[in-house]
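Chain by chain, the residues:
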Amino acid sequence: MKKRPQTSNPFHPPSPGPRIPVRILEPYPDFSNPTPEQCNAVRDDLLAADGFPTQFADHRRKRAMRKNQTRTIRSSDDERGECENKRNDTVLDGVVNLLLSQNTTETNSARAFLSLKSTFPDWENVLGAENQILESAIRCGGLAKTKAARIKCMLKELMERRGDFSLEYLHDLPIDEVKAELSRFKGIGPKTVACVLMFNLQQDDFPVDTHVLRITKSMGWVPEKADREKAYLHLNRKIPDELKFDLNCLLFTHGKLCQSCSKKGGDQLTGISHAPCPLTKYRTRTTKN
Ligand SMILES: [Zn+2]
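Residues numbered from 1 in each chain as written. Predicted model: local features only at pLDDT ≥ 70, side-chain atom pairs only at ≥ 80, totals over all residues.

Student: If you had to explain the overall build of the protein to someone new, which residues and values would you point to?
Tutor: Regarding its fold elements, the protein presents 13 helices and 0 strands. For the protein, the sequential pattern of α-helices and β-strands runs α-α-α-α-α-α-α-α-α-α-α-α-α. When the 289 residues of the protein are sorted by exposure, 31% land in the buried category. Pairs at least 24 residues apart make up 64% of the contacts formed inside the protein by residues separated by at least 6 positions. (Helix = DSSP H or I, 4+ residues; strand = E, 2+ residues; numbered from the N terminus. Buried ≥ 20, exposed ≤ 12 C-beta atoms within 10 Å, placed from the backbone. Contact = placed C-beta atoms within 7 Å.)

Student: Tell me about the packing of helix H4 (residues 91-100) against helix H10 (residues 190-200), and name the residues and values.
Tutor: For the pair H4 and H10, the least separation of the axes is 10 Å and the interaxial angle reads 140 degrees. As judged from the angle between their axes, H4 and H10 are oblique. Remark: the crossing between H4 and H10 carries right-handed chirality. In contact with Val-91, Gly-94, Val-95 and Leu-98 of H4, H10 contributes Thr-192, Cys-195, Val-196, Phe-199 and Asn-200. In terms of residue class, the contact of H4 with H10 is made up of 6 nonpolar, 3 polar and no charged. (Axes fitted to C-alpha atoms, helices over the stretch in contact; angles between N-to-C directions. Parallel < 35°, antiparallel > 145°, perpendicular 65-115°, else oblique. Left-handed = near helix turned anticlockwise from the far one by under 90°. Nonpolar A, V, L, I, M, F, W, Y, C, P; charged D, E, K, R; others polar.)

Student: Describe in detail unusual backbone geometry, supporting the description with residues and values.
Tutor: Backbone torsion omega between Asn-33 and Pro-34 reads -5 degrees, so that peptide bond is classified as cis. Mapping Pro-34 onto the fold places it in the segment before helix H1 (36-50). One non-glycine residue, Asn-103, adopts positive backbone phi at about 60 degrees. Looking at Asn-103, the number of C-beta atoms within 10 Å reads 12, which means it is exposed.

Student: Would you mind going over the environment of Asn-33 in detail, with residue names and values included?
Tutor: Relative to the elements of secondary structure, Asn-33 occurs in the segment before H1. For Asn-33, a count of 17 C-beta atoms within 10 Å gives the class partly exposed. A sequence separation of 205 residues divides Asn-33 from Lys-238, and the C-alpha atoms of the two residues are 7.3 Å apart.

Student: Can you lay out the environment of Lys-244 for me, pointing to particular residues and giving the numbers?
Tutor: Note on placement: Lys-244 falls in helix H13 (residues 241-257). For the pair formed by Lys-244 and Asp-204, sequence separation is 40 residues and the distance between their alpha carbons is 6.1 Å. Setting aside anything within four residues of it in sequence, one finds Lys-244 in contact with Asp-204, Asp-205, Phe-206 and Ile-239.

Student: So what's going on with the nonpolar core? Residues and values would help.
Tutor: Soluble globular proteins tend to pack their nonpolar side chains together in the buried interior. Counting 58 residues, the largest nonpolar core has Val-95, Val-196 and Leu-235 as the members making the most contacts within it. Each of domain 1 (32-53 + 206-282) and domain 2 (56-79 + 87-200) gives at least three residues to this core. Ignoring sequence-local partners within four residues, the contact set of Leu-235 consists of Phe-206, Val-208, Thr-216, Trp-221 and Val-222. (Core = buried A, V, L, I, M, F, W, Y, C linked by C-beta atoms within 7 Å. Domains from an automatic or database assignment.)

Student: How would you sum up H10? Please name residues and give values.
Tutor: Each full turn of the α-helix corresponds to 3.6 residues, which orients residues three or four apart in the same direction. Most of H10 is tucked away, with 10 of its 11 residues classed as buried. Residues Pro-190, Thr-192, Val-193, Ala-194, Cys-195, Val-196, Leu-197, Met-198, Phe-199 and Asn-200 constitute the buried set of H10.

Student: Let's hear about the confidence of the model for the protein: which residues, and what values?
Tutor: Across the protein, pLDDT averages 83, with 79% of residues at or above 70. Note on residues 1-23: pLDDT under 50 across the span, and 24 contacts to partners over four residues away in sequence or across chains. Long-range and interchain partners of residues 72-88, a stretch whose pLDDT sits below 50, account for 6 contacts in this model, where long-range means more than four residues apart. (pLDDT = per-residue confidence, 0-100.)

Student: Describe the packing of H1 against H13, listing the residues and the values that go with them.
Tutor: Following both chains from N to C, one finds H1 and H13 inclined at 55 degrees, their axes separated by 10 Å at the closest point. By the angle between their axes, H1 is oblique relative to H13. At the point where H1 passes H13, the crossing takes the left-handed sense. Within the contact between the two elements, H1 uses Cys-39, Asn-40, Val-42, Arg-43, Leu-46, Leu-47 and Asp-50 and H13 uses Leu-243, Asp-246, Leu-247, Leu-250, Thr-253 and His-254. Here the residues of the contact of H1 with H13 are counted per class, giving 7 nonpolar, 3 polar and 3 charged.

This is the structure:
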């Protein structure tokens, strides 16, 4: 597939050279929703109706711990190193996990990641592995050839540029620089970057996937014609930082499972069935997206 020119994409500022700060980009400067009050109300109503999704509870705990540490000690390098060592998943683990999750189910990508980690003792062995062996280790996640090539490419570039297989340095960079760094790697698009920021770097960011896009459109939080990238820029400007993580996890899970809000009528096995759905009162339009 032909690669899009990087300069046309607000998520991929040209590098090196002068960059337009991503944070100042706002595709809909005259569109006032969502207000902080709307964000608060939807977060509270979803929390009361659905509870916080267990799938993201662990990330929420780590996030609270990390924010607390940053606030109270602004740790020295030694303390920081100790803190990193206690983490049982690294930023690189998170990025590879997200790469494997593209175009497949959560169950299959989780199996592929576990298989990868149990087949190879470390990233050096992944990079040095024969392609067929690596592809076979991640085959249950689908698109094995493409994903194996992307993982190897990222590991090779990391070793050449940084001298080790680690992305922990991203913790010390501002959001815009993290975006520029991760966007260098093939297969890492805006949604993956936003997920790394939110889940692995504990930053305040608000990824927009199909569920979040559909549900925010139905509440009139973004214009009807907004695509994911523009919705991402707009919502990240409008949603208060302290609400982004909870609201994103709640909207994603609700949008996937609620029989009223889901495009497919929700997951019939694990679905949430509300009478009425807590978001009905916020819905201003019906969207097919
Ligand atoms: Zn609903």
